[in-house]
Amino acid sequence: MSQTAKDIKPNATYSEIRSEDLEWPKHRSPEYREYRRKWNEYPKKLHVPDFPLCLDIETTNVCNLKCTMCSRTIQIEDGTYVDIGTMSWDMYKKIIDEGSKNNLCSIKLNYLGEPLLDKYIIQRIEHAKKHGVIEVMFNTNASMLTEEMSHKLLEAGLDSIFFSVDGINPETYNKIRIGTDYDTVVNNIINFVRIKNEGNYKHVQTRTSMTVLPGMEKEAEEYVKFWLPITGQVGFGEWVDARGKGTIKISGTKKSGTIHEYDNYNPDFVCSQPFQRMFVMYDGVCTPCCIDVSRGYELGDVKKNTIKEIWKGERFQKLREAQISGRYPEIDICRTCYMPHSQKNTEM
């Protein structure tokens, strides 16, 4: 199978709509554009850079919400969630300092927790920007996004902020995002955008997105109509039932897995993430992708190894080789992953 025939889906489960007159891309540096070129091209070329382009750093796995579709909520309910904690400053500094020496392009300061509950979040942004990280970003539920916090985030150097808002009305939203209030979140986001505009932070990217749960498809048009003029970008995530049980049937093999059920596997699929990014949990454990919520394929631990050693290590290379050769069902987390079967486009 030639490389050009591979089915590479950089955003397999995500769709996005953008305003035609978006400002922030016009105010990004040439270095940012080069980073994004690499982000798009490296997976297509099956090229592994010497260091991750992006590190997803879970600075805390603490969260104030119990969203009904969230893997964190489900794991807590069934008693399988890891200990709750926050990354130490020394560990974070070690990661960023190594990244600075290896031209780390971007960091995303969240995974299964809410970054605004991290007491060091402002200092972490400042430290990363001082050490040359081109893009510092995170997702947030925006429930803690006060006007004071908005000012601090922007002054610290935050480049991109992505708001998770599931639903276009209080009735839908409050049933899904348990622990906060729709009107509070909407007002927090509107105030952030106002403060950003008044402060002339033209390079800062904002986006509102929702997970499209069953029965919410009809809300999409109204969602876009409301949010697009405010944040400039609207995203829709494909919902997969994290509670689902089943068996993956792989044609021509005796292999099977659990969690989700697919009739066939896609031999041409290659995941983009192993060529772009790596995830670092709050306690230092590293995992390969956004899907591995249960730490099913640990790559290493930054308390014992450097980021580069883990990125170039045997575990990660084994996963990449399985992806490239079409043998990804041999890797448990890849075998039970829905991304090879997603039909979503990156734009709507």
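On a predicted model such as this, the values are computed, not experimentally measured, just so you know. (Residues numbered from 1 in each chain as written. Predicted model: local features only at pLDDT ≥ 70, side-chain atom pairs only at ≥ 80, totals over all residues. Heavy atoms only, no water.)

A. Quick peek at the layout of surface pockets. In this structure, the second largest pocket encloses a volume near 300 Å³. Lining the second largest pocket are 18 residues; nearest its centre among them are L22, E23, K196, N197 and I230. Contributing elements (two or more residues each) for the lining of the second largest pocket: helix 7 (182-198) and helix 8 (220-231). Among the elements that take part in the lining of the second largest pocket, helix 8 stands out by supplying 4 residues, more than any other. (1 Å grid on protein atoms, 1.4 Å probe; cavity = no way out; pocket = protein on both sides within 12 Å on 5 of 7 lines; lining within 4 Å. Points joined across faces, edges and corners; volume = space filled by probe spheres on them. Helix = DSSP H or I, 4+ residues; strand = E, 2+ residues; numbered from the N terminus.)

B. Structural context of the pairing of strand 3 (residues 54-57). Alternating residues of strand 3 divide into C54 and D56 and L55 and I57, and every residue in both groups is buried. The pairing of strand 3 with strand 4 (residues 106-108) spans 3 bridges and is parallel. Pairing of D56 across the sheet is with K108, part of strand 4. Bridging between strand 3 and strand 10 (residues 277-280) involves 4 bridges; their strand directions are parallel. Following the sheet pairing, I57 is matched in strand 10 by V280. (Buried < 20%, exposed > 50% of the residue type's maximum accessible area, 1.4 Å probe, protein only. Pairing = 2+ DSSP bridges.)

C. Quick look at the packing of helix 4 (residues 121-130) against helix 5 (residues 147-156). Relative to each other, helix 4 and helix 5 sit at 15°, their axes nearing to 8 Å. The angle between helix 4 and helix 5 places the two elements in the roughly parallel class. Note on packing geometry: the crossing formed by helix 4 with helix 5 is right-handed. Across from I122, I125, E126 and K129 in helix 4, the residues of helix 5 making contact are M149, K152, L153 and A156. (Axes fitted to C-alpha atoms, helices over the stretch in contact; angles between N-to-C directions. Parallel < 35°, antiparallel > 145°, perpendicular 65-115°, else oblique. Left-handed = near helix turned anticlockwise from the far one by under 90°. Contact = heavy atoms within 4.5 Å.)

D. Structural detail: the sheet that holds strand 6 (residues 160-164). Pairing is mixed across the open sheet formed by 10 strands, whose spatial order is 2-8-7-6-5-4-3-10-11-12. Since the sheet does not close on itself, it has two edges, and those belong to strand 2 (14-18) and strand 12 (300-301), each with one partner. Contacts from helix 1 (residues 30-45) reach strand 3, strand 4, strand 5 (135-140) and strand 10, with the element oriented near 65° to strand 5.

E. Fine view of empty space enclosed by the protein. Going through the model one piece at a time under the given rule, you end up with 1 cavity of 30 Å³ or more. Approximately 140 Å³ is the volume found for the largest cavity. Lining the largest cavity are 16 residues, and of these C271, C289, Q323, C334 and C337 sit closest to its centre. Contributing elements (two or more residues each) for the lining of the largest cavity: helix 10 (314-324) and helix 11 (332-335). Its residues assigned to classes, the lining of the largest cavity comprises 13 nonpolar, 2 polar and 1 charged. (Nonpolar A, V, L, I, M, F, W, Y, C, P; charged D, E, K, R; others polar.)

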